[in-house]
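Given next are the chains, with one letter for each unit.
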Amino acid sequence: MHYQTESWGSYMPTRSVGDPLERIERLASENAVVIFSISSCCMCHAIKRLFCGMGVNPTVYELDEDPRGKEMEKALMRLLGSSSAVPVVFIGGKLVGAMDRVMASHINGTLVPLLKDAGALWL
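Given the structure is predicted, the values throughout are model-derived calculations rather than measurements.

Thresholds, definitions, all that
Just so you know, the residues in each chain are numbered from 1, in the order the chain's sequence is written. Thresholds applied to this predicted model are a pLDDT of at least 70 for local features of residues and 80 or more for the giving and counting of side-chain atom pairs; totals over whole chains, interfaces and linings are not thresholded and use all residues. Working from all heavy atoms in the structure, the side-chain values ignore hydrogens and water. Counting from the N terminus, the helices are the DSSP runs of H or I reaching at least four residues and the strands are the DSSP runs of E reaching at least two. The buried label goes to any residue with under 20% of its type's maximum accessible area, the exposed label to any with over 50%, and the partly exposed label to all in between, with areas taken from a 1.4 Å probe on protein chains only. Here, two residues are considered to be in contact whenever any of their heavy atoms come within 4.5 Å of each other. Exposure was quantified through the Shrake-Rupley algorithm and a 1.4 Å probe, taking into account, for residues, occlusion by the shown protein chains and nothing else. Salt bridge, as applied in this entry: a Lys or Arg side-chain nitrogen positioned within 4 Å of an Asp or Glu carboxyl oxygen. For Phe, Tyr and Trp, where Trp contributes only its six-membered ring, two rings pair if their centres lie within 6.5 Å, and the inter-plane angle classes them as stacked under 30 degrees, edge-to-face over 60, or tilted in between.

**A closer look at the overall build of the protein**
Right, so step 1: Within the protein, the regular secondary structure consists of five helices and five strands.
Right, so step 2: Traced from its N-terminal end to its C-terminal end, the protein shows the element sequence β-α-β-α-β-α-β-β-α-α.
Right, so step 3: For the protein, with 123 residues in total, the buried portion stands at 42%.
Right, so step 4: Long-range pairs, those at least 24 residues apart, make up 64% of the contacts in the protein between residues at least 6 apart in sequence.
Right, so step 5: For the protein, the exposed surface amounts to about 6500 Å²; the carbon and sulfur share of it is 54%.

Shown next as structure tokens:
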């Protein structure tokens, strides 16, 4: 698992400095699998373990460890239309969703093809 530890604002284009949703979209598109998480969240831990157990190396952004994490969390809640913001998974730059959507995709067999299409899984 790759944990993103730098401040997200250090290399952002100037037009998106104040927009957390644009920042989320940009970060989500930079790697095959991106998880927005909170380090103390048990559901976040479970989703990270799921991907690692499948042989996927997700990029993880721990919102509670970033100074702009609260803004990102609020933007993710708006994006999902939910009161819970994490975990949120993007595959191939596209929103898969929260834990329920990821698990449903895993159970119905659509998760592996998504991972293969994104280049995150080679089997």
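**So, the pattern of salt bridges**
Right, so step 1: Under the defined criterion, the tally for this structure stands at four salt bridges.
Right, so step 2: Between Arg26 and Glu30 there is a salt bridge whose closest N-O contact spans 2.9 Å.
Right, so step 3: For Glu30, a relative accessible area of 38% corresponds to the partly exposed category.
Right, so step 4: Here Glu62 and Lys48 are joined by a salt bridge, their closest N and O atoms 2.7 Å apart. With Glu62 in strand 3 (residues 59-62) and Lys48 in helix 2 (residues 42-53), this residue pair connects regions lying 14 residues apart in the sequence.
Right, so step 5: By relative accessible area, Glu62 is classed as buried at 5%.

**Let's talk about the side chain of Glu73**
Right, so step 1: When you line up the elements, Glu73 lands in helix 3 (residues 69-80).
Right, so step 2: Judged by relative accessible area, which is 16%, Glu73 ranks as buried.

**Considering the packing of aromatic side chains**
By convention here, two paired aromatic rings are described through the distance between centres and the angle between planes.
Right, so step 1: All told, the structure shown has two aromatic pairs when counted by the stated rule.
Right, so step 2: Between Phe36 and Tyr61, the ring centres sit 5.4 Å apart and the planes meet at 20°, which makes this aromatic pair stacked. Note that Phe36 is positioned in strand 2 (residues 33-37) and Tyr61 in strand 3, a separation of 25 residues in sequence.
Right, so step 3: Where Phe36 meets Phe90, the ring centres are 5.8 Å apart and the plane angle is 80°; that geometry is what we call edge-to-face. Residue Phe36 is located in strand 2, and its partner Phe90 is located in strand 4 (residues 88-91); the two are separated by 54 residues in the primary sequence.

Coordinates in, geometry out; function isn't part of it.
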